[in-house]
Amino acid sequence: MNTDALIPEPHVMSTYSRVPIRLTYGRGCRVWDDQGREYLDALAGIAVNTLGHAHPRLVRALQDQVAQLIHVSNYYHHPWTEPLAAALCERSGLAKVFFCSSGLEANEAALKLARKFGHAKGIARPEVVVYERAFHGRSIATLSATGNPKVQAGFEPLVEGFIRVPINDLEALRRATDGNPNVVAVFFEAIQGEGGVHPLEPDYIAGVRALCDERDWLLMIDEVQCGMGRTGKWFAHQWAGIRPDVMPLAKGLGSGVPIGAVVAGPKAAELFQPGHHGTTFGGNPLATRAGLETIRIMEDEGLLANAATQGQHLLTQLWAELRNVPGVREVRGKGLMIGVELDRPCGELVLRCAKAGLLISVTSERVVRLLPPLILSRAEADEIVAKLVPQVRAFLDETSA
Ligand SMILES: *Cc1c(COP(=O)(O)O)cnc(C)c1O
């Protein structure tokens, strides 16, 4: 099989170094390429394909919607915005939603909410606490909030007004903000995704919640990757038993149809008024119907519980197989968001695994990341382990001195 041959796309900007396979078809947790080769999808379009590929109920709903109305302007009402917004508020305990089309857009809206919140309190130069290794997107503001110099290099000057701290260190957060009257918000991912699958401890999240209450800051939790059921609860911060004030969502929300959302609690829900923010595609009929149908299917099929069960099984099996392998540092994560950290850069595992019929990603150079669809079966979880472990072993053998 010749997956080494590059697939030329001379008219496409080279923003990604793509794996040289061309995917044309998908069903459930499997996809096929144009050569008829089959792959088990343990990436799900980076935590996007919640229901896997071509889920029959989602396909029917989308076909129905496409034939009725794909898009109208936000100047008008349509039947799907309010039901999806209500569904998100009900499951998060929050109050109001703004819809957009991607993760960075949701985070951009969150940052604008933080600034509006500050200005409403008379703070002219609001500052937001962000984190080392964080990832919030690729727009100028969200790349400035991101804690990865590689994402920022070449795009300076960065947006000002960010204070950076390490995760899981309440003292560091206090030290970085004590006596600073300009702080308006703390902004983190409940589990850092691109940064290498680093969970924030429930105690830490609860501690930040308390500090935000004490100092009248917004707690803003980026659930773009770890939210929408992936960890076994609707939103990963719910493991800490708290509510944020602002919660950006995207990736898994539409199960493949581009949609983002910012869900806000009472402290932030009324900050945007007509003219303050907007986006043309945001919350269109196709995207919101996809989101609503995704949520209904997840509940009818018990996919939160499935994510928790299969995730725990995957984590246990991977740890059992890899714990004594030299070069494997840690297996960590929650539900179906799992990272296997190695002691060396391992980007080439993406191609090796693809050749073995498994789609994965490597993030933060050394972390193999698994984000399979939430419909994953026990047999498919076992198949991920059976395909991944030999590749990790072989790679570590071949690259050891
Ligand atoms: C992917 C991601 C984003 C950016 O989402 P896009 O849709 O690619 O703009 C933001 N935050 C987190 C936590 C993400 O994982």
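Being a predicted model, the structure only gives us computed values, none of them experimental.

Colleague: Could you clarify how one ought to interpret the site of the ligand in this entry?
Modeller: Around the ligand, a shell composed of Ser102, Gly103, Leu104, Asn107, Phe135, His136, Glu189, Asp222, Val224, Gln225 and Lys251 is seen. Within the side chain of Asn107, a nitrogen or oxygen atom sits 3.5 Å from a nitrogen atom of the ligand. Phe135 has a polar backbone atom sitting 3.3 Å from a nitrogen atom of the ligand. For the ligand, the protein covers 82% of the area, taking 380 Å² as the surface of the free molecule. With three residues, helix α4 (residues 103-120) is the largest single contributor of residues to the shell around the ligand.

Colleague: I keep staring at the packing of helix α2 (residues 56-68) against helix α9 (residues 285-300) and nothing clicks. Help me out?
Modeller: A pair of packed helices can be characterised by two numbers: the angle between their axes and the separation between those axes. Where α2 meets α9, the closest approach of the two axes is 10 Å, and the angle between their N-to-C directions is 160°. On the basis of their axis angle, the class for α2 and α9 is roughly antiparallel. As for how α2 packs across α9, the hand of that crossing is right-handed. Taken together, the residues of α9 that come into contact with α2 (itself represented by Arg57, Leu58, Ala61, Leu62, Asp64, Gln65, Val66 and Gln68) are Pro285, Leu286, Arg289, Ala290, Glu293, Thr294, Arg296, Ile297 and Asp300. A breakdown of the residues in the contact of α2 with α9 according to their chemical character gives eight nonpolar, three polar and six charged.

Colleague: Just to check I follow, could you spell out the sheet that holds strand β17 (residues 367-370) for this structure?
Modeller: Taken in spatial order, the four strands line up as β13-β14-β17-β16 in an open sheet, and their pairing is antiparallel. The outermost strands of the open sheet, each flanked by one partner alone, are β13 (328-334) and β16 (361-363). This sheet shows a mean twist of 25° between the axes of neighbouring strands, independent of strand direction. Examined bridge by bridge, β13 and strand β14 (residues 337-342) share six bridges and lie antiparallel to one another. If you follow Gly333 over to β14, its bridge partner there is Ile338. Sitting on the sheet, helix α10 (residues 303-322) touches β13, β14 and β17, and the angle it makes with β13 is about 175°.

Colleague: Looking at this model, I keep getting lost on the UniProt feature "binding site: pyridoxal 5'-phosphate" (unreviewed entry) in the chain. Mind explaining?
Modeller: UniProt records the feature "binding site: pyridoxal 5'-phosphate" (unreviewed entry) for Phe135, Asp222, Glu223, Val224, Gln225 and Thr280 in the present numbering. An extended arrangement is adopted by the annotated residues: their sequence extent is 146 residues, and the largest C-alpha distance between any two is 24.8 Å. Considered against the second largest pocket, the annotated residues that line it turn out to be Thr280. Non-local contacts of Phe135, meaning those with residues more than four positions away in its chain, are made with Thr146, Val151, Glu189, Glu194 and Asp222. Mapping Glu223 onto the fold places it in the loop between β10 (218-222) and β11 (246-249). Setting aside residues up to four positions removed in sequence, Glu223 forms contacts with Ala190, Phe235, Ala236, His237, Met247, Pro248 and Leu249.

Colleague: Would you mind showing me how to read the domain arrangement of the chain here?
Modeller: A common way to express how large an interface is: the accessible area buried when the components associate. Per the domain assignment, the segments of the chain are domain 1 (23-55 + 302-399) and domain 2 (69-300). Taken over C-alpha atoms, the centre of domain 1 sits 27 Å from the centre of domain 2. At the interface, 30 residues of domain 1 touch 29 residues of domain 2. Counting the surface lost from both domain 1 and domain 2, the interface buries some 2400 Å², and carbon and sulfur atoms represent 61% of this. If you sort the residues of domain 1 by the area they bury against domain 2, Leu304, Lys334 and Met337 come out on top, with a joint share of 28%. For the pair domain 1 and domain 2, the number of links is two salt bridges.

Rules used throughout
Residues numbered from 1 in each chain as written. Predicted model: local features only at pLDDT ≥ 70, side-chain atom pairs only at ≥ 80, totals over all residues. Heavy atoms only, no water. Near = heavy atom within 4 Å. Polar contact = N/O pair within 3.5 Å; in protein donor to acceptor, adjacent residues only side chain to side chain. Areas by Shrake-Rupley, 256 points an atom, 1.4 Å probe, with all protein chains shown as cover. Helix = DSSP H or I, 4+ residues; strand = E, 2+ residues; numbered from the N terminus. Axes fitted to C-alpha atoms, helices over the stretch in contact; angles between N-to-C directions. Parallel < 35°, antiparallel > 145°, perpendicular 65-115°, else oblique. Left-handed = near helix turned anticlockwise from the far one by under 90°. Contact = heavy atoms within 4.5 Å. Nonpolar A, V, L, I, M, F, W, Y, C, P; charged D, E, K, R; others polar. Pairing = 2+ DSSP bridges. UniProt positions renumbered as here; feature names shortened; annotations may be inferred. 1 Å grid on protein atoms, 1.4 Å probe; cavity = no way out; pocket = protein on both sides within 12 Å on 5 of 7 lines; lining within 4 Å. Domains from an automatic or database assignment. Buried area = accessible area lost by both parts, 1.4 Å probe. Salt bridge = Lys/Arg side-chain N within 4 Å of Asp/Glu carboxyl O.

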